[in-house]
Every structure is written in structure tokens, then in C-alpha cells.
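Here is how the chains run, residue by residue.
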Amino acid sequence: MTSILTTSIITTSVLTEGYCGHCGGEDPTSDPHRSCQQQLAMEPPRFCPQCRRRMKVQVTPLGWTADCSRHGRLAS
């Protein structure tokens, strides 16, 4: 008797984001934002990637949350 384990991975596209989460600039995939991408690997986003508004960020030992007044909550 053989069993097969199937896993599914859900990914989200970075291309749907219009603004950089670190500095709020446009086109977060461009070369000038390479340092921003490195910073976002270590810290939470400060700007909403959909509307460019500054978010309320709370960091805890277990992770972080970032709240946009228009688009809701992002969490680690």
C-alpha cells in the first residue's frame, strides 16, 4: 500500500504592488529600489504597497503587523 502526499503552495505576485513598502516610491521592482528590497527582508513595510499611505506598524517578538487606513492589515 502506497500513499502519496500532495502539497500546494500559494504565492502572491509582487507585480500587483504599485509602490515600494520601504520608501513609498513608484515601481518597487526597479534598480533604485534594490536597497529597499534588502531592508524589507529585515524589517516591516512602512508604506502601503497599494496606495502609498504611511502605515501604523507594530513590532513584537513574534512578528509584526502593519495597518493601512484604507486597505487593512499586513502581518508577518
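Residues numbered from 1 in each chain as written. Predicted model: local features only at pLDDT ≥ 70, side-chain atom pairs only at ≥ 80, totals over all residues. Heavy atoms only, no water.

Colleague: Residues and numbers for the environment of Ser 69, please.
Modeller: The topology assignment puts Ser 69 in the loop between strand E2 (63-68) and strand E3 (72-75). With relative accessibility at 67%, the residue Ser 69 sits in the exposed group. For the pair Ser 69 and Arg 53, spaced 16 residues apart in sequence, the C-alpha to C-alpha distance is 8.1 Å. (Helix = DSSP H or I, 4+ residues; strand = E, 2+ residues; numbered from the N terminus. Buried < 20%, exposed > 50% of the residue type's maximum accessible area, 1.4 Å probe, protein only.)

Colleague: Please provide a residue-by-residue account of the sheet that holds E2, values included.
Modeller: Read from one edge of the open sheet, three strands run E1-E2-E3, paired in antiparallel fashion. Edge strands, defined here as strands with exactly one partner in the open sheet, are strand E1 (56-60) and E3. Each neighbouring strand pair of the sheet contributes to a mean axis angle of 15 degrees, computed without reference to strand direction. (Pairing = 2+ DSSP bridges. Axes fitted to C-alpha atoms, helices over the stretch in contact; angles between N-to-C directions.)

Colleague: I'd like a description of the pattern of salt bridges, backed by residues and values.
Modeller: Taken as a whole and assessed by the stated rule, the structure comprises four salt bridges. One salt bridge in this structure joins Asp 67 and Lys 56, with 4.0 Å as the shortest N-O distance. You can see Asp 67 sitting in strand E2 and its partner Lys 56 sitting in strand E1, a full eleven residues away along the chain. For Lys 56, a relative accessible area of 61% translates into the label exposed. Here Asp 67 ties to Arg 73 by a salt bridge, and the two come within 2.7 Å at their closest N and O atoms. Taking the relative accessible area as the measure of exposure, Asp 67 reaches 17% and is therefore buried. The class for Arg 73 is exposed, based on a relative accessible area of 58%. Sharing partners across several salt bridges, the network here consists of Lys 56, Asp 67 and Arg 73. (Salt bridge = Lys/Arg side-chain N within 4 Å of Asp/Glu carboxyl O.)

So, to be careful, I would describe these as geometric facts and stop short of saying anything about function.
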